[in-house]
Amino acid sequence: MSLLKTVSKEASTEVDAPYMQSAKPTMSARAARMFAHLIPLSYFRRPPTIIIVDVTNSCNLRCPVCPVTFAMQRKRGMLKLSVFKSIVDDFRGAKNKPAMYFSFSGEPTMNKALPEMVAYSHENGHDTYLSTNATKLTVEMAEALINAGLARVNLCMDGFSKEAQESYRVNSDFDEVKANIEMFLETRERLGAQNPICVLQTLLTGYSENQMDEMTEWARRAGFDRIRFKTFSIGSHSTPEQKREFSRFLPKKEEFLRHPVAKTRTLCSVPLTQSVVFWNGDLGLCCIDYDQMIQLPNIEKEGFLKAYRSKEAAQARRKGFLKQFDICKGCSYSNADNMGFKVDLRDRVMPEDA
C-alpha cells in the first residue's frame with residue numbers, strides 16, 4: 001500500500017479512550033502521523049470537492065446555541081457577486097468542479113445576489129446546495145432559485161408547533177415559516193421543475209421529538225422529497241452556564257441524543273476535501289472555523305486557485321490534516337455516535353451520510 005493510501009486510511013482511525021483529550025493513539029495511528037509529515041506539499045494543493053460559500057455571516061434569527069448569536073466576533077458583511085463569480089471562473093474547463101454549498105454561518109437568503117450566484121454556478125457545471133431558515137422566502141425568491149438550477153435545498157423548521165419552532169428559532173414565526181415552505185414547494189410544482197431536491201430539516205429537541213409523525217405526514221402532503229431529523233448539539237463553543245441553561249432543548253428519548261464517542265481521530269481529512277470562502281474573500285480552512293481563527297490569503301486579487309494553492313494555504317491544510325490548530329483540539333466534528341437520520345418519503349430510512 002502506498003504512503004498516501006496508508007495515511008488516508010488512517011485519517012479516519014479512531015482511538016478508544018475513556019476521555020477524548022487523554023486518548024493514546026495506537027502504533028498504526030502514530031505511524032500515520034509520522035508519515036503524514038512526509039507527504040509532499042503538492043498533495044495539499046489538490047482542488048477541493050466542496051467550496052463552502054459564506055454568502056453572509058449575518059442572520060435575522062437568534063438561535064440560543066448558534067455561534068452566530070453569541071460567539072462570532074468577526075465583522076458582518078455580504079459576499080460580492082463579482083468575487084463569487086471569480087471563484088467559478090477559476091474552474092472553467094476543469095474536468096472535476098467543486099460543489100458550491102451556500103450554507104455556513106449566516107442566513108444566505110439575506111444576500112440579494114444569492115439567486116445569481118446559484119445560476120452562475122449551475123450554468124458552469126457546479127453542483128449547488130442551500131440551507132435556509134425559510135423566513136425570508138418570497139415567491140420571487142423561490143422562482144429565482146428554482147429557475148437558477150438549484151440542485152438541493154434544506155428548508156429548516158424545528159418542530160410542528162409555535163412552541164417548538166419559536167423556542168429555538170428565536171425571532172421566527174412558526175405560521176410564516178410553514179407558509180413560506182409550502183409556497184416554495186408549490187412554486188416548484190407550478191413551474192414543473194424537478195429541481196431542487198427539497199429536504200425538510202428539523203432538530204430533534206425536547207420540544208419536537210414527539211412531533212416526528214406529524215411532521216412526516218405534513219412533509220409528504222406538502223411535496224418534500226426527504227426529511228432530515230438532526231440530533232441536537234449544545235455546542236463545543238458554549239460555556240458551562242449556557243450548557244446548563246439550554247439543556248432544556250435536549251430530547252428526553254435516549255435514541256435521539258447525540259453522544260460524543262469515547263474515541264479520538266488521529267488525523268482529519270476535512271481540509272483535503274473542502275474549503276471555505278468568507279464573505280470578505282478570505283480563504284477558510286474548514287466548516288468548523290466560523291470565526292476565522294485561522295488566517296489565510298484573500299482570493300480577490302489573484303483568484304481562488306492561486307490563493308488556495310499558495311504555500312501558506314497548503315501548509316495550513318497540512319497542519320489541519322495533522323490536527324495541530326487550537327480549534328482542532330475542541331472539534332467534535334464526526335465524533336458523535338448519532339448525528340440523526342434521513343427519511344426518503346418513499347418510506348425508506350436513510351443513514352445520515354446518504
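The structure under discussion appears in the preceding block.
No experiment lies behind these values; they were computed from the predicted model shown.

K.L.:
Which residues make up the side chain of Glu107, and what values do they have?
P.N.:
Examined against the element boundaries, Glu107 turns out to sit in the loop between β3 (99-102) and α5 (114-123). Contact partners of Glu107, with chain neighbours within four places excluded, come to Thr56, Ser58, Cys59, Asn60, Thr132 and Asn133.

K.L.:
Go over unusual backbone geometry, please, and point to the residues and values.
P.N.:
The omega torsion of the bond from Asn195 to Pro196 falls at -10°, within 30 degrees of zero and hence cis. With respect to the helices, strands and loops of the structure, Pro196 is situated in the loop between α8 (174-190) and β6 (197-204). The phi angle at Ala134 is positive, at roughly 70°, despite the residue not being glycine. Within the secondary structure, Ala134 sits in the loop between β4 (128-132) and α6 (139-147). By relative accessible area, Ala134 is classed as buried at 0%. For Gln292, which is not glycine, the phi dihedral falls at a positive 55°. Here Gln292 shows up in the loop between β10 (283-284) and α12 (304-308). Looking at Gln292, the relative accessible area reads 9%, which means it is buried.

K.L.:
Please set out the pattern of salt bridges residue by residue, giving values where relevant.
P.N.:
Tallying each qualifying case throughout the model produces 13 salt bridges. Put simply, Lys178 and Glu182 hold a salt bridge, and the shortest N to O gap is 3.1 Å. In this pair, Lys178 and Glu182 both sit in helix α8, four residues apart, roughly one turn of the helix. Residue class for Glu182 comes out partly exposed when judged on its relative accessible area of 23%. Across the salt bridge formed by Glu302 and Lys306, the nearest N and O atoms sit 3.1 Å from each other. Each of Lys162, Glu166, Asp173 and Asp175 takes part in a single network of salt bridges with overlapping partners.

K.L.:
How would you summarise the pairing of β6 if you had to cite specific residues and measurements?
P.N.:
β6 sits mainly inside the fold: seven of its eight residues count as buried. Alignment of strand β5 (residues 152-156) against β6, held across five bridges, turns out to be parallel. What sits directly across from Leu155, in β6, is Leu200. Looking at chain direction, β6 and strand β7 (residues 226-231) are connected through six bridges and run parallel.

So, how was this worked out
Residues numbered from 1 in each chain as written. Predicted model: local features only at pLDDT ≥ 70, side-chain atom pairs only at ≥ 80, totals over all residues. Heavy atoms only, no water. Helix = DSSP H or I, 4+ residues; strand = E, 2+ residues; numbered from the N terminus. Contact = heavy atoms within 4.5 Å. Buried < 20%, exposed > 50% of the residue type's maximum accessible area, 1.4 Å probe, protein only. Salt bridge = Lys/Arg side-chain N within 4 Å of Asp/Glu carboxyl O. Pairing = 2+ DSSP bridges.

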